[in-house]
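# Chain and residue survey
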Amino acid sequence: MSLQNPVFIPGPTNMPESLRRACDMPTLDHRSSMFADILRPALDGVRRVLKSETAEVFVFPATGTGGWEVAITNTLSPGDTVLAARNGMFSHRWIDMCQRHGLTVEVVEVPWGEGIPADRFEEILSKDAGHRIKAVLATHNETATGVVSDIAAVRLVMDAAGHPALMFVDGVSSIASMPFEFDAWGVDVAVTGSQKGFMLPAGLAITGFSSKAMAATATGGLPRCFYDIRDMARSYAANGYPYTPAVGLLNGLKVSTGMLLDEGLEAVFARHARIADGIRAAVDAWGLTLCAARPELRSNSVSAIRTPEGFDATRIVTHAAETYGVAFGVGLGEVAGKVFRIGHLGMLTDVLALSGIATAEMAMADLGLDVKLGSGVAAAQDVYRSTAPSIALAAE
């Protein structure tokens, strides 16, 4: 693998040099007043990226998986029931975590490639007159399949059913890359990580809690210690941490959120959508299809690309790494060997995306797939040339 080449995995993503430098800082006494100059802007920046006025933000030295544990252990009790759809590897892992914590999970099985079935959720919640379901788990962007689900629709059916359950949203591969509306969607706990849209190394679990979720922490009965947000909140009040924080990563988060907000969140989302459109045009030109069952389900941060029946898609990933020094994502779980994934989030431009498309073409052609060299690149170029901001400005 060549460190000179960008990666095309759906996280960790490529890092801007300014963020690498922000994380690489001298040792700082995290109990000194200087730490507040890092902590406060980082927390405020995350809140703004979540598009919330009121969310309480808690950042732990962990990953997105740790953020899931933060959500459930701080708000739920042993034996509580939660509702979730299993439509990919990461929704599956969240279900597994809940079960390991002694929660009862009502699982709606969904074909991998489909999104969360809001209508099915409404049916289940409407029948739950006793409100035994305490939380609804929703994976906004299923990283394994490249499928995005409609979180606003989930909130609408919860409200239509008059159900008081909390709504937890896994935004690990969507937040800071795709539209996410914490307040407008009525999210109670949002979970993400530092290594995707925030363009940082792995190491931070980033969570946002609504006032309703904060109230639930008073009665949550699952064991918690390291992930206890009550301890974190008390420490934040004094501009500190209940234990040693990842100071360099937090400084990176401060700079990262500043970069995202300076670019403008709508511009960030538009950039990701443009790049994704080019990738999708390339897939069409190759004669291949996406795992996402319908256009409205297609993720703007990762594309899972199906290969012909009987062809092991993992060979493309292995060959690209060994021959061209470029990393793509393998298929996971039920789609292992059936898809390869191109991550197109974080620090990425259309020019960088073209290099990934070209490499994928070479790998597929090398392995005997009926892919014409240059076809996907040309299709993506047409998209990027017609939508480049500088061209649009020149045409005005």
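This report concerns the structure included in the present document. (Residues numbered from 1 in each chain as written. Predicted model: local features only at pLDDT ≥ 70, side-chain atom pairs only at ≥ 80, totals over all residues. Heavy atoms only, no water.)

### Looking at the overall build of the protein
- Within the protein, the secondary structure is distributed over 14 helices and 13 strands.
- A compact globule built from 396 residues should have a C-alpha radius of gyration of about 21 Å, and the protein, at 21 Å, falls within 12% of that.
- Counting only C-alpha atoms, the protein reaches 60 × 55 × 45 Å along its principal axes.
- Scored against the burial criterion, the 396 residues of the protein give a buried share of 59%.
- In the protein, once contacts between residues fewer than 6 apart in sequence are set aside, the share between residues at least 24 apart is 73%.
- If you sum the accessible surface of the protein, you get close to 15,700 Å²; carbon and sulfur atoms cover 54% of it. (Helix = DSSP H or I, 4+ residues; strand = E, 2+ residues; numbered from the N terminus. Rg over C-alpha atoms; globule rule 2.2 N^0.38 Å. Buried < 20%, exposed > 50% of the residue type's maximum accessible area, 1.4 Å probe, protein only. Contact = heavy atoms within 4.5 Å. Areas by Shrake-Rupley, 256 points an atom, 1.4 Å probe, with all protein chains shown as cover.)

### Description of the nonpolar core
- Counting residues in each nonpolar core, the largest one holds 97 residues, and the members touching the most others are Val59 and Phe168.
- Phe168 has contacts with Ala71, Ile72, Thr75, Leu76, Trp94, Ala135, Val136, Leu137, Ala138 and Val189, leaving out every residue within four places of it along the chain.
- Core analysis: the second largest hydrophobic core is formed by 34 residues, Phe8, Val283, Ile305 and Leu354 among them. (Core = buried A, V, L, I, M, F, W, Y, C linked by side-chain atoms within 4.5 Å.)

### Observations concerning the packing of aromatic side chains
- Scanning all chains against the criterion turns up 12 aromatic pairs.
- For the ring pair Phe58 and Phe209, a centre distance of 5.7 Å and an interplane angle of 85 degrees mean the geometry is edge-to-face. Here Phe209 lies in strand E9 (residues 204-209) and Phe58 lies in strand E1 (residues 56-61), a separation of 151 residues in the sequence. Residues Phe58 and Phe209 agree in their burial class; the two are buried. (Phe/Tyr/Trp six-rings, centres within 6.5 Å; stacked < 30°, edge-to-face > 60°.)

### As for helix H11 (residues 314-324)
- Ile316, Val317, His319, Ala320 and Ala321 are the residues of H11 that are buried.
- Summarising the contacts, the buried residues of H11 are in contact with strand E12 (329-330), strand E13 (339-343) and helix H12 (350-366).
- Downstream of H11 by a residue or two, Gly325 has a phi angle that is positive, lying close to 70 degrees.

### Here's the deal with the sheet that holds strand E2 (residues 81-86)
- Strand order across the open sheet formed by 7 strands is E1-E9-E8-E7-E4-E2-E3, with mixed pairing between neighbours. This sheet does not close on itself; its edge strands, each paired only once, are E1 and strand E3 (104-109). Within the sheet, the average angular offset between the axes of one strand and its neighbour, ignoring direction, is 20 degrees.
- Bridge count for strand E8 (residues 189-193) against E9 is 5 bridges, and the pairing is antiparallel. Note on E9: the bridge partner recorded for Thr192 is Ile206.
- On top of the sheet, helix H8 (residues 229-237) reaches E1 and E9; it is set at about 105 degrees to E1, its chief contact.
- Relative to E9, helix H9 (residues 247-263) is tilted by about 55 degrees, and along the sheet it contacts E1 and E9. (Pairing = 2+ DSSP bridges. Axes fitted to C-alpha atoms, helices over the stretch in contact; angles between N-to-C directions.)

### Some remarks on the environment of Lys196
- With respect to the helices, strands and loops of the structure, Lys196 is situated in the loop between E8 and E9.
- Relative accessible area serves as the criterion here: at 8%, Lys196 is assigned to the buried category.
- Residues Lys196 and Ala176, spaced 20 residues apart in sequence, show a C-alpha to C-alpha distance of 8.2 Å.
- Setting aside chain neighbours within four positions, we find Lys196 in contact with Pro10, Gly11, Thr13, Thr143, Val172, Ser173, Leu345 and Gly346.

### Description of the packing of helix H10 (residues 265-286) against helix H13 (residues 375-387)
- Where H10 contacts H13, the two axes come as close as 7 Å, and the packing angle between them is 145 degrees. Helix-helix and strand crossings are classified by hand; for H10 and H13 the assignment is right-handed. Of H13, the residues touching H10 (which contributes Arg274, Ile275, Asp277, Gly278, Ile279, Ala281, Ala282, Ala285 and Trp286) are Ser375, Gly376, Ala379, Ala380, Val383, Tyr384 and Thr387.
- Here the residues of the contact of H10 with H13 sort into 10 nonpolar, 4 polar and 2 charged. (Left-handed = near helix turned anticlockwise from the far one by under 90°. Nonpolar A, V, L, I, M, F, W, Y, C, P; charged D, E, K, R; others polar.)

### Examining the sheet that holds strand E11 (residues 302-306)
- The antiparallel open sheet is built from 4 strands, whose spatial order is E10-E11-E13-E12. At either end of the open sheet lies a strand with only one pairing partner, and these are strand E10 (289-290) and E12.
- Note that E10 and E11 share 2 bridges and pair antiparallel. Its bridge partner lying in E11, Thr289 is registered against Arg306.

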